[in-house]
Structure formats: structure tokens, C-alpha cells
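Coordinate inspection notes
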Amino acid sequence: MVIKHKFLMKTEGAWSDADELLLCLDTGSWRTERPVADREKCNYCGLCALYCPPQCMKDMGDYFVPNLDFCKGCGVCAKECPRNAITMVPEGEFTDG
Amino acid sequence: MVSTQKGQVRVITGNAAAAYGAMLCRPDVATSYPITPMSEVAEQLSTFRAEGLVDTEMVEVEGENSAMNVVAAATLAGGRAFTATSSWGLVFMYDAVQHASGFRAPVVMAIANRETPGILAVSGGQQDIISTRDTGWIQIIVEDCQEILDSVIMAFRLAEDYDIQLPVMVNYDGFYLSYMAMPVEVPEREDVDRFLAPLKQQPERTKLVPGKPLGCGTHGIEVGFVELRYKHCMAMQRALEKVDEIDRSFGEFFGRSYGGQIEEYRTDDADIILVTSGGATGTARVVVDAKREQGIKVGLVKLRLFRPFPRQRLSEVLKGRKAIGVIDRSVGFGWNCGPMFMEIRALTPEIGIIPMLSYIDGLANLDITILHIERVVDEVYAASQGKPYQEVTWIPLEE
């Protein structure tokens, strides 16, 4: 048998580390709705970052934005934001989606 | 040639032999949830711990499922871990059993074989081996108490080998061997340390270290899954040769060896071959000797390794014979024959088309007697002479 596949796992066992592509699945492609943050409303409380299941809210210093490479669009951030600064917008409304 | 190391002979049960074997390998973690007929293994290990013979951390668990998860996790943290179970306990940890092998966690587990659910049979049988046949574990089946102890030691060397990294089950007949006391030579701990020392020369296997984030078994998506399954299968194949190698090494070290994957008895000039596994092999040896006296050229093969399946070595020994009889202590649902028979039948392209006879016997603690095995030899011999034969026989139902 000729194996053409280039092996992804570096170890014999089923190990994957956090700094290589194995922990970086393209979960952003799963999204059907995108969180859009209103920077004016955001008071940097950080609840969105605390609740975000894949931990993909980026800390921008005095506000948060979702990392769209990983955001699955679950909407927890929009639900939990006390100032309603995050709106879930269908992906179809974006041209980059 | 090194002189073989002697130990102290003690009269102990099969369960105690398993516990002695584990204790001598100094596991870092051990746990077991009690179940008939293996509870004594955990009791003995706890006694060794209480007596200060080992510093093994004994984890108290609420069930077998937790037990398997504890030992698998312990090996992923780089430790040596041991557990034991039987039948319903094995079934209750079924998902964890597959986690362990999928994680390539080198756990060693002793199993006192017993009938599995759902007919409540607190009695011996090998159905639990069959129920975990396809879980990706290495499965060794042993014949007597000495072999239990020795095989547990060999199992650690096999499981933790860098080229293998697979969990190993050491199977022995529940009720028969588990409770039967036999003289067993218990090796000195320092000698066992030396026997296991080659593991320390190998590269260190990947392990969980605080502060260094690692996932295990978490990224089997798409072709990554295929890759891991392939590696697992290749490790299983490597284990075949490794079992023989470790068995030879054990023989040189302690003066006892068991043939590795299979043990052959009087097969050299045999026309017909009987295949058995576990404790029934002892009875079969007696029958083979008696039948040889009567002029029947019968040989015996003890199947020691069931997974990975010793395809090549079995083919070599079975090729050119006139008929084969296989005694199974379990059933193969959907095939109406013994599971081991079914696998040996799959060797037909290698060994040729000859009569193969399946015998199901010894279920639920029924004895596989000398009379039963004599009957098997007679029928296999008749089949080898061209007489008509019945392919599958449930011996207890024909008595």
C-alpha cells in the first residue's frame, strides 16, 4: 500500500497540542449568524468573553470583538451582554461570508 | 546465557497470582471495583499496599467505568497502572475500554473470564473476551496460575513498549483459575525491575504535564481519524512479533516461557490438530498424550494471543494437516460456531481446505472434561480419514 497522506499527528498516540493546527479547527465556517459588536455601547465589562464557549472574544483594550475564524455563532455573547451591544446578524447579509 | 532467576514458591490462587504480578511491577496507580470472581485481586493488592510492599496509589472508585478512566488517565500522565475486572464489570466499562485503546493508554488489566449479560450466570466462560475482541486491546489468554503472574509482568513490558503503546488484557478462567490455589514461583522484585528495565532505555512516551496544554483523543476528525486508526492497527501488528520477543526474553530471565503468540504441543508430526485456549489446554494435553498412545497422531495448539490474531504462526502450524478441531468456551452469535473456530476458518486460504470442526463447550462453568476432549479427537480423526462429520457441536447439548 502506498500512503499518500501526510500524517498530521506528530506522536504515536492520539495527542494534539495547542500551538499547532490540530487545535485550530476552522469552527468559524460553522456559523450561520455573526455577532456584531457596537463599540459605542460596549463598556468593556467582559461578560461576553467569560461566556464565550470557544473563548474567542478578543480583548481590544477597552472593548471586545469576536474572532470570526473561530466564532461558531452560538449567540451567547449577544444574550448575555447587559448593554445589548452585540447583535446576531445572519451570515447571508455579509459579502465576506 | 544468563542463569535464570529463581523466586520463592507460594501456593496462591489465580487472583492472588495476578495481584502478585501487578505488585512486582510497582504500578503507580491501581484501582478495581469488586466483582465475582476477581474481587480477590483488588483485596490482595490493597493488602500489599497496607503492608508497605508497594506505594501504589489505590483509588477508590464507584464503578468499573470510573476504574478504567482512572487507570487510563494515570498512564496518560506517564504512570504505570493496573486494574482488574470480569464480565459485567467489563461490560460496564465498555466505552472507557475503547477510550483507553484509542488513547493508546498502556493499561494492564487482568480479567477473570466469566459469562456476560444478559442471562445471569455467575459462572466461568470466555464470552467477555469475545465481547471486547474489537476494542483494539491486546488480548492474552493464559492457562494456569504461574502463567497469570508471568503474563502480567510480560504485559507491562508489552503495553509500555514505545513501539506498541497499547493496553493489554490478561485473561484467565474465572472460577477455575481465579479461585484455584497452585504452587507459583514468585520472582524477586529486583529481578522484575531488571526485566522491565529495557523500557527505561526507550524514548519517553508523550504524557500530560501541568502547564503544557495537550489534548488526547480530541482531534480525530476526518482523515486524522483514519490516520490514528491506521497507527493503532500497525501497532497491533507489531505486537505479534513483540509478544514472541518478550516471551523469549522472559524465558532467558526466569526460565519459563509460553511460546509467545501460540504454544505448540506434540505438533511436529501431527496429522490432526486440536486448538484450545485457557485452562482447558491442561486437560487437552492429557488427552493428546493418551491418544498418541493409541496411535492417533494428534497435536495441540494453545491460542495464547487472541488480539492481535496470530495469523502467520497459526497458518504455519496448521498448514498440511488433515483436520482441525477447535474448542471454544464462548459462542459466536450469527455464525453458529465458536468465535475462535470462526477466526481459524478464516485462515483457509493459507492452510487449504480441510475438515474443520467447531466445538462449543464449558459455557457457564460446565467442565471441559477428558471425555469431551477424547470425543473431539476421535471425531476430528474420523473426519481426517474422510468420514462425514458435523461442523458445529454444542457438546453439553449432546450428552
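All values reported here derive from a predicted model rather than from experimental measurement.

Quick notes on the rules
- Residues numbered from 1 in each chain as written.
- Chains lettered and ligands numbered in written order.
- Predicted model: local features only at pLDDT ≥ 70, side-chain atom pairs only at ≥ 80, totals over all residues.
- Domains from an automatic or database assignment.
- Contact = placed C-beta atoms within 7 Å.
- Helix = DSSP H or I, 4+ residues; strand = E, 2+ residues; numbered from the N terminus.
- Nonpolar A, V, L, I, M, F, W, Y, C, P; charged D, E, K, R; others polar.
- Core = buried A, V, L, I, M, F, W, Y, C linked by C-beta atoms within 7 Å.
- Buried ≥ 20, exposed ≤ 12 C-beta atoms within 10 Å, placed from the backbone.
- Axes fitted to C-alpha atoms, helices over the stretch in contact; angles between N-to-C directions.
- Parallel < 35°, antiparallel > 145°, perpendicular 65-115°, else oblique.
- Left-handed = near helix turned anticlockwise from the far one by under 90°.
- Pairing = 2+ DSSP bridges.
- Right-handed = clockwise from strand over helix to strand, strands pointing away.

All names here are of chain B. When cut into domains, chain B gives domain 1 (8-254) and domain 2 (262-398). The distance between the C-alpha centroids of domain 1 and domain 2 comes to 28 Å. Tallying the contact residues gives 27 residues for domain 1 and 20 residues for domain 2. When residues of the side of domain 1 that touches domain 2 are traced back to their parent elements, those giving at least two are helix 6 (127-131), strand 6 (138-141), strand 7 (168-173) and helix 10 (223-254). Looking at the side of domain 1 that touches domain 2 residue by residue, the class counts come to 15 nonpolar, 7 polar and 5 charged.

Looking now at the nonpolar core. A general feature of soluble globular proteins is that nonpolar side chains tend to end up buried together. One finds B:Val168 and B:Val170 to be the most contacted residues of the largest nonpolar core, which totals 126 residues. Here the element with the most residues in this core is helix 7 (residues 145-159) of chain B; it accounts for 10 residues. Counting 10 residues, the second largest nonpolar core, distinct from the first, contains A:Ala37, A:Cys48, A:Cys81 and A:Ala85.

For the rest of this paragraph, the subject is the packing of helix 11 (residues 280-293) of chain B against helix 15 (residues 370-384) of chain B. All names here are of chain B. Two elements in contact, helix 11 and helix 15, have axes separated by 9 Å at closest approach and are oriented at 55°. Put simply, helix 11 runs oblique to helix 15. Crossing of helix 11 against helix 15: the hand is right-handed. Across the interface between the two elements, Thr283, Ala284, Val286, Val287 and Lys291 from helix 11 touch Ile370, Ile373, Glu374 and Val377 from helix 15. A class-by-class count of the residues in the contact of helix 11 with helix 15 yields 6 nonpolar, 1 polar and 2 charged.

Moving on, we come to the pairing of strand 7 of chain B. All names here are of chain B. Burial analysis of strand 7 places 6 of its 6 residues in the buried class, which makes it a mostly covered element. Burial along strand 7 is two-sided: the residues Val168, Val170 and Tyr172 and Met169, Asn171 and Asp173 are all buried. Bridge count for strand 5 (residues 108-113) against strand 7 is 6 bridges, and the pairing is parallel. Opposite Met109, over in strand 7, you have Met169 as the bridge partner. Here strand 6 pairs with strand 7 via 4 bridges, running parallel. Each bridged residue has a counterpart across the sheet, and for Ile141 the counterpart in strand 7 is Asn171. Handedness of the crossover joining strand 6 and strand 7 through helix 7 is recorded here as right-handed.

Residues and elements named next belong to chain B. Counting buried residues along strand 12 (residues 298-303), 6 of its 6 residues qualify, which places the element largely inside the surrounding structure. Because side chains alternate across strand 12, one face comprises the buried residues Val298, Leu300 and Lys302, and the other comprises Gly299, Val301 and Leu303, equally buried. As judged from the 4 bridges shared by strand 10 (residues 262-265) and strand 12, these two strands associate in the antiparallel manner. Its bridge partner being in strand 12, Tyr265 is matched across the sheet by Leu300. Of the strand pairs in this sheet, strand 11 (residues 272-276) and strand 12 are connected by 5 bridges, and their pairing is parallel. The partner of Leu274 across the bridge, within strand 12, is Leu300. Once you follow strand 11 into helix 11 and on to strand 12, the crossover reads as right-handed.

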